[in-house]
Each structure stands twice: as structure tokens, then as C-alpha cells.
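Chain residues, written in single-letter form:
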Amino acid sequence: MFVVMKADANARQVEGVIQVVNEMGLCAHALPGAKRTVIGITGNHSPLDPSRFDRLPGVEEAIQVTKPYKLISLEMRSEKTVVPVGDASIGGDELAVIAGPCAVETREQTFAVAEAVWRGGARFFRGGAYKPRSSPYAFQGLGEDGLKILAEVRERYGLKIVTEALDEHGLDLVERYADVIQIGARNMQNFSLLRRAGRSHLPVILKRGLSATLEEWLLAAEYIMLEGNYNVVLCERGIRTFSDHTRNTLDVAAVPAVRRLSHLPVIIDPSHAAGHNYLVLPLAKAGVAVGADGLIVEVHNSPRQALCDGAQALTLEQFGRMMSEVRAMHGVLEPLAAA
Ligand code: PEP
Ligand code: MN
């Protein structure tokens, strides 16, 4: 059930509805919007009677939910969510660029890439300290030592740190050092990890699972929001298909398809979709063209020596070029989209 408050409803009236919801043993999620506040009610296992709410002071109407998700939906919030990350954000007018190596390998490597990311004008730095590798013999990441290097990058360049948590223990540590938690494709349906991320004070980037439908992906975001963390960013990173000329197939249609259903920001990861360096720039531009709120891309100072995903890493020069091209595109498209 959604309880839509009147445009002029005051905080006491919102509180009054929340109290009624709590007295029923249910959970209230109040999301203030530009025009009005909507309160999502969760915890019920059968439909609620709208008459319990629609006569309460300040209430415009109570609406039954017909879709499988509630909190991510446009009924809950009609305008797009802007996820704040310190003095930066994801989902606003600016294209959010998150760039950095697949993995933090050494302090020197990380700083060399960070310098180029900062010079290119990106506001976010990525780098994995915990890597979900297909082979247990492959480089698994530096763990907490990697997180410490990332924290130094933030200190030096003011870049916001985005890094993956593979499990709940790792999330405790990521929370200590980073600005944004990344939940990887392989963990998209790790429900206990999603719930833990939902109890975090940090925003979460939720990657789409390798073979997840749109609905499964949105329901995974719902798990996070249900725990009270509404700062969720969805990331399309390519899905498994029969095609073998790319590592995965970038589902560009996912961006407008999510937009039609959800207020959450959506970003594109052209690197894991492409798998090959030469495809990253065209896919990044495709992402901007379909209206993505941002890009997450892999960059390395020496791709051939990379311990992880070297084939898809942009060189520092290529990253600079990508930045100017995607910015130019976004500068043309954003005002048109807003009009
Ligand atoms: C990554 O960003 O390095 C990563 C492992 O991504 P994904 O979960 O999309 O494979
Ligand atoms: Mn990678």
C-alpha cells in the first residue's frame, strides 16, 4: 500500500500515518518528494484495506500496490532519486563517472590511475580490494590493505571511493573506508548481503546479475530499500547471451526500461560488458545516449600487467579521450532530456 500525502500535509500528519502503520505491526517508509510525501507500507502478507488510511489527516489517497515491487517504483516517488555522495551525487544533472582499476594491486599502480582519473575530471574512483574471481587461484584482492590504499586516494584527490563488498564481514570493512558500496553481479541475489547493505549508511551500487531479469534486479534493490537504505543506484553491466564477440551483452534497453518503472538512478558498466578495450568507448557512448546517469569504467596504467581484467582496461590516455567524448555527448543530450 502507498499512502499519498496531500501537497500541504505537515510533518505531524506524516508522523500520524507512520504511527498507525507501526501500531499495526507494519513498517512505514516515508519518501519525501518535490511535491508530496509518499509513505510505502511493507510487512503485510495480504492486501491492506485503504479505508484504514485514507481518512487520516493530511492523506490524499491510499493506493493498493499491483506490481511486485513497492519502494523502487514511480508510484512511491514520481521524480528521479538523486543519490548524494558527500559533495558529489549520482542521478543529478551531471554525468557521474566512476573510474579506476578492476583491482587495487599496489599503491603505485592505484595512485598512477587515480591521478589520471582526477585529471580527467571524474568525481568517483573504483578499485576492488575483494575480487570475485572465477578461479580460486586467480588474484583475490589485497583485502583491508587495499581498502587502506583507497582511503589514501580519497585523502589525496578528494575522489569518492566505490568498492565491492563480497560478504557481510567485508561490508563491515568497506563501510569503514569507502563512500559507496558495490554489490557485484554474482551477489545480486545474495539476500543476506543485500539486507546488510540496506542497514548501511552508505549508498549502494547494485550490479545486475549475469542472467537476471529486470524484475529480479529491481526486487534485489527492493531488499536493500526495505531495510531503510534508499540510496541505491542500479548498474547494467552486460548479461550472458550466445554472443561471444563480447564478454557479456550490454543491455542498453535496460536503462529506459528501468526508467519507466523506477525512480532509482541507473548507470552503465561498459567494461564488463565489453571485455575488450576497443569496445569500451563505443559502449560508454551508447550508455550516455540511452540516458544513463553515469558510467563505471576500468582504467589501468599498464593494462598488460594488470592482475585482473587487463583486456578490458582503458589506458590512461584512452580514459582522457573517453571523458571528453562522453561529456560532450552528455552536454548536448541532458538539456534536451530535461526540456
Ligand atoms: C567489477 O566491477 O570489478 C566486477 C567484478 O563487476 P561485476 O560484478 O559486474 O562482474
Ligand atoms: Mn573487473
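Anyway, here's the lowdown on the structure attached to this text. (Residues numbered from 1 in each chain as written. Chains lettered and ligands numbered in written order. Predicted model: local features only at pLDDT ≥ 70, side-chain atom pairs only at ≥ 80, totals over all residues. Heavy atoms only, no water.)

### Concerning the overall build of the protein chain
To keep it simple, the criterion reads: Each helix is a run of H or I in the DSSP string that is no shorter than four residues. Each strand is a run of E no shorter than two, and both are numbered from the N terminus. Just to be clear, the radius of gyration here is over C-alpha atoms, and the globule rule we use is 2.2 Å times residues to the power 0.38. Categorising residues by exposure relies on relative accessible area from a 1.4 Å probe, with only protein chains included: less than 20% of the type maximum marks a residue as buried, more than 50% marks it as exposed, and the intermediate range marks it as partly exposed. Per-residue accessibility takes into account occlusion by the displayed protein chains alone, with areas from the Shrake-Rupley method and a 1.4 Å probe. A positive count includes Lys and Arg, and a negative count includes Asp and Glu. His and the chain ends are not counted in either. Positions of charges follow a simple convention, taking NZ of Lys, CZ of Arg, CG of Asp or CD of Glu.
Along the backbone of the protein chain there are 10 helices and 14 strands. Taking 20 Å as the expected radius of gyration for a compact globule of 339 residues, we find that the protein chain reaches 21 Å, a close match to that expectation. In terms of overall dimensions, the protein chain has a C-alpha envelope of 65 × 45 × 45 Å along the principal axes. Buried positions account for 53% of the 339 residues belonging to the protein chain. When the accessible surface of the protein chain is summed, it comes to about 14800 Å², and 52% of that surface belongs to carbon and sulfur atoms. A gap of 2 Å separates the mean positions of the 36 positive and 39 negative side-chain charges of the protein chain.

### Describing the site of ligand 1
Heads up, the condition is: Proximity criterion: a residue is near a molecule or strand once any of its heavy atoms comes within 4 Å of it. Any pair of N or O atoms that falls within 3.5 Å is considered a polar contact. Within protein, one atom must be able to donate a hydrogen and the other to accept it, and sequence-neighbouring residues count only if both atoms are side-chain atoms. Following the grouping adopted for this structure description, the nonpolar residues are Ala, Val, Leu, Ile, Met, Phe, Trp, Tyr, Cys and Pro, the charged ones are Asp, Glu, Lys and Arg, and the polar ones are all others, Gly among them.
Near ligand 1 lie 13 residues; those nearest to it are R126, K131, A185, R186 and R237. For ligand 1, an oxygen atom lies 2.9 Å from a polar atom in the side chain of K207. Between an oxygen atom of ligand 1 and a side-chain N or O atom of E298, the distance comes to 3.3 Å. In isolation ligand 1 offers 290 Å² of accessible surface; the protein chains occlude 97% of this area. Its residues placed into classes, the shell around ligand 1 shows 3 nonpolar, 3 polar and 7 charged.

### Topic: the sheet that holds strand 4 (residues 59–63)
Selection criterion: The rule for pairing is simple: two strands pair if DSSP sees at least two bridges between them. Axis definition: a line fitted to C-alpha atoms, limited for helices to the stretch in contact. Angles are taken between N-to-C directions and run from 0 to 180 degrees. Contact between two residues is taken to exist if any of their heavy atoms lie within 4.5 Å; hydrogens are not considered.
Pairing is antiparallel in the open sheet, where 4 strands are placed in the order 2-3-1-4. The sheet terminates laterally at strand 2 (27–32) and strand 4, the two strands that pair on one side only. For this sheet, the mean inter-axis angle between neighbouring strands, taken without regard to orientation, is 20°. Here 3 bridges tie strand 1 (residues 2–5) to strand 3 (residues 37–42), and the two strands are oriented antiparallel to one another. From the neighbouring strand, V3 faces strand 3, where its bridge partner is I39. Together, strand 1, strand 2, strand 3 and strand 4 form the strand contacts of helix 1 (residues 11–23), whose direction differs from that of strand 2 by roughly 155°.

### Notes on the pairing of strand 12 (residues 232–236)
Regular strands have side chains that alternate between both faces of the sheet. In terms of burial, strand 12 is largely enclosed, as 5 of its 5 residues are buried. Alternating positions in strand 12 separate into two faces, V232, L234 and E236 on one and V233 and C235 on the other, with burial throughout. As paired strands, strand 11 (residues 204–207) and strand 12 are joined by 4 bridges and run parallel to one another. Within strand 12, the position partnered with I205 by the bridge is V233.

### A word on the coordination of the manganese ion (ligand 2)
Quick reminder of the rule: Water is not among the atoms examined, so metal sites may look incomplete; donors are the N, O and S atoms within 2.8 Å of the metal, or within 3.2 Å for Na, K and Ca.
At this site the manganese ion (ligand 2) is bound by C102 (SG), H272 (NE2), E298 (OE) and D309 (OD), with donor distances of 2.0 to 2.4 Å. Mapping the donors of the manganese ion (ligand 2) onto the primary sequence yields the spacing C-x169-H-x25-E-x10-D. Here C102, found in the loop between strand 7 (96–100) and helix 2 (107–119), pairs with D309, found in the loop between strand 14 (294–298) and helix 10 (316–338); they are 207 residues apart in sequence, far enough to count as distant. Pair check on accessibility: C102 and D309 agree, each one buried.

### Describing the pattern of salt bridges
Here is the rule: What makes a salt bridge here is a side-chain nitrogen of Lys or Arg within 4 Å of a carboxyl oxygen of Asp or Glu, nothing more.
Tallying each qualifying case throughout the model produces 19 salt bridges. Here E75 and K67 are joined by a salt bridge, their closest N and O atoms 2.9 Å apart. The class for K67 is partly exposed, based on a relative accessible area of 34%. With a shortest N-O distance of 2.6 Å, E175 and R196 are connected by a salt bridge. One end of the pair, E175, is in helix 4 (residues 168–177); the other, R196, is in helix 5 (residues 191–198), and 21 residues separate them in sequence.

### Here we look at the side chain of N229
Structurally, N229 is set in the loop between helix 6 (214–226) and strand 12. For N229, a relative accessible area of 5% corresponds to the buried category. Engagement of the side chain of N229 in a polar contact is seen with the backbone oxygen of S200, the distance being 3.2 Å. The residues touching N229, leaving out its near neighbours within four places in the chain, are A197, G198, S200, L202, V204 and I224.

### Re the layout of surface pockets
Just so we agree on the cut-off: Only protein atoms enter the 1 Å grid used here. Points where a 1.4 Å probe fits but cannot escape make up a cavity, open sets with protein on both sides within 12 Å along at least five of seven lines make up a pocket, and a residue lines them when an atom lies within 4 Å of a point. Grid points are joined across faces, edges and corners, and a volume is the space filled by probe spheres set on the points.
For the largest pocket, the calculated volume is near 360 Å³. If you go around the largest pocket, you meet 23 residues; those closest to its centre are P132, R186, R247, H272 and D309. Among the residues forming the lining of the largest pocket, the class breakdown is 6 nonpolar, 6 polar and 11 charged.

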